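Structural description and commentary
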Amino acid sequence: ENLLKVFESGKWWYGEKVKEFEEKFASFQDAKYGISCTNGTAALEIGLISCGIKPGDEVIVPPYTFIATASSVLKVNAIPVFADIDIKTGNLDPKDTEKKITEKTKAIIPVHFAGLPVDMDAFLELAEKYNLKIIEDTCHSWGSKWKNKGTGALGDCGAFSFQMSKNITSGEGGILLTDNKEIEEIARSYSNCGRGKDKPWYYHYILGDNLRMTELQAAILLAQLTRLEEQTIKREENAKYLDENLKDFEGIEIVPRDNRVTRRSYHLYMFRFIKEKWEIEREIFIKALNAEGIPVWPGYPIPLYKNPLFQKKAKGPEGCPISCPYYGKEIDYSQIYCPNAEKLCEQAVWIPHPVLLAEKEDMKDIVNAIEKIYKNREQLKGKI
């Protein structure tokens, strides 16, 4: 029905449906302003620019995340600095983050990995102590709340994605949320070709880009938003069942709960597989689970800094933005080592979010399959 209304209106881009979605999604996440855009990557770039990040500035990011968390920093000619994660949660570690802060650090991008909010108390303390911006990568956390306030409205701004794999999707799409009016105005201008608010259409005030969401995308997202809360609650209930039934299972390490997380959106359910306890490789365990009809996969194969993009050695302007000439220092990502991120790449097992919309019997099937494999693991030893 929403799509038909858009088609019949003849107004297919950046109109009333976009405005309605921006307002309703911002309200859903407890934010004052929402600036829609083409995707989550663009939302991160818009956030960085709107927070005043300049060429040569350092921005601390985790290595256990999608490439966009770090590549968005490069896109504004700033320098990603990798800090390690908490092995138990997959989230950026505030203590290691503080160790990586220098005079050039201007922002932190914590990722609410798998929908679990990071320790925002710790990161907001760092932001105040060192005068830093907090740009939340909220691309896994639609509906998550920290102390009863939605992610994306906790730091200076937060970037969401609506790409095809996400819990709420329009194929592609994104939004930046903020409570800061100045950030909202810069973000709105940048995403709309540098135009000024209430200014003539063909007057452009900053070097912006065309990153506007279409009415069709907004129409799809508005329909999905009506059931997002119900789906979030169901995923949370099923995840709690898995936690209860896997928490004491030998060789399975679940993500611990934090009482400050008052609602959690599960983009995926993750646990760590300790192969030394099972005496079989994780890949064999995953194949066995798949054979039992349980859709799981291992997640990120390597930390971001090991990607070919970050292994380039070019220097000077031709190497920009990996070696930004405004930086004043050299950086060699081949020397970076974050032990927890490396370990999680070897141990993680992911269950995708659609599975958590299934029924309780299906959750029992997951637990039963793991028990069956454990009891018969001797048959799997030595297999590839």
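One structure accompanies this document, and this report is about it. Bear in mind that the values here come from a model prediction, so they are computed numbers and not experimental data. (Residues numbered from 1 in each chain as written. Predicted model: local features only at pLDDT ≥ 70, side-chain atom pairs only at ≥ 80, totals over all residues. Heavy atoms only, no water.)

**Thoughts on the pattern of salt bridges**
- With the rule as written, the count across this model stands at 25 salt bridges.
- Of the charged contacts in the structure, one is a salt bridge between Lys329 and Glu58, with a shortest N-O distance of 3.1 Å. You can see Lys329 sitting in the loop between α11 (308–311) and α12 (339–347) and its partner Glu58 sitting in strand β2 (residues 58–61), a full 271 residues away along the chain.
- Using a relative accessible area of 37% as the deciding quantity, one classes Lys329 as partly exposed.
- Two residues, Lys133 and Asp156, come together in a salt bridge whose shortest N-O distance is 4.0 Å. Of this pair, Lys133 sits in strand β5 (residues 133–137) while Asp156 is found in the loop between β7 (149–150) and β8 (157–161), placing the two residues 23 residues apart along the sequence. (Salt bridge = Lys/Arg side-chain N within 4 Å of Asp/Glu carboxyl O. Helix = DSSP H or I, 4+ residues; strand = E, 2+ residues; numbered from the N terminus. Buried < 20%, exposed > 50% of the residue type's maximum accessible area, 1.4 Å probe, protein only.)

**Concerning the packing of aromatic side chains**
- Evaluation of the coordinates by the stated rule reveals 27 aromatic pairs.
- Note on Phe113 and Tyr300: the rings are 6.1 Å apart at their centroids and 50° apart in plane angle, and the pair reads as tilted. One end of the pair, Phe113, is in the loop between β4 (105–108) and α6 (120–130); the other, Tyr300, is in the loop between α10 (282–291) and α11, and 187 residues separate them in sequence. Each member of the pair, Phe113 as well as Tyr300, is classed as buried.
- Ring geometry for Tyr266 versus Tyr269: centroids 6.3 Å apart, planes at 25°, classification stacked.
- Given a relative accessible area of 3%, Tyr266 falls into the buried group.
- Using a relative accessible area of 1% as the deciding quantity, one classes Tyr269 as buried.
- Members of the aromatic cluster, joined through ring pairs, are Phe249, Phe271, Phe273, Trp278, Phe285 and Tyr374.
- Stacked on the ring of Trp201, the Lys or Arg Arg195 has its end atom at 3.4 Å from the ring centre. (Phe/Tyr/Trp six-rings, centres within 6.5 Å; stacked < 30°, edge-to-face > 60°. Lys NZ or Arg CZ within 6 Å of the ring centre and 35° of its normal.)

**Regarding the sheet that holds strand β11 (residues 261–263)**
- A sheet is described by the order of its strands in space; here three strands give the open sequence β7-β6-β11, paired in antiparallel fashion. With one partner strand each, in any of the chains shown, β7 and β11 form the two edges of the open sheet.
- As judged from the two bridges shared by strand β6 (residues 145–146) and β7, these two strands associate in the antiparallel manner. Counterpart to Trp146 in the pairing with β7 is Lys149. (Pairing = 2+ DSSP bridges.)

**Structural notes on helix α3 (residues 40–50)**
- The buried fraction of α3 amounts to nine of the eleven residues, a majority that puts the element mostly inside the structure.
- All of the buried residues in α3 are Gly40, Ala42, Ala43, Leu44, Glu45, Ile46, Gly47, Leu48 and Ser50.
- Its side-chain oxygen placed 3.2 Å from the backbone nitrogen of Thr41, Asn39 serves as the N-cap of α3.
- Positive backbone phi, at 80°, marks Gly52, one or two positions downstream of α3. (Polar contact = N/O pair within 3.5 Å; in protein donor to acceptor, adjacent residues only side chain to side chain.)

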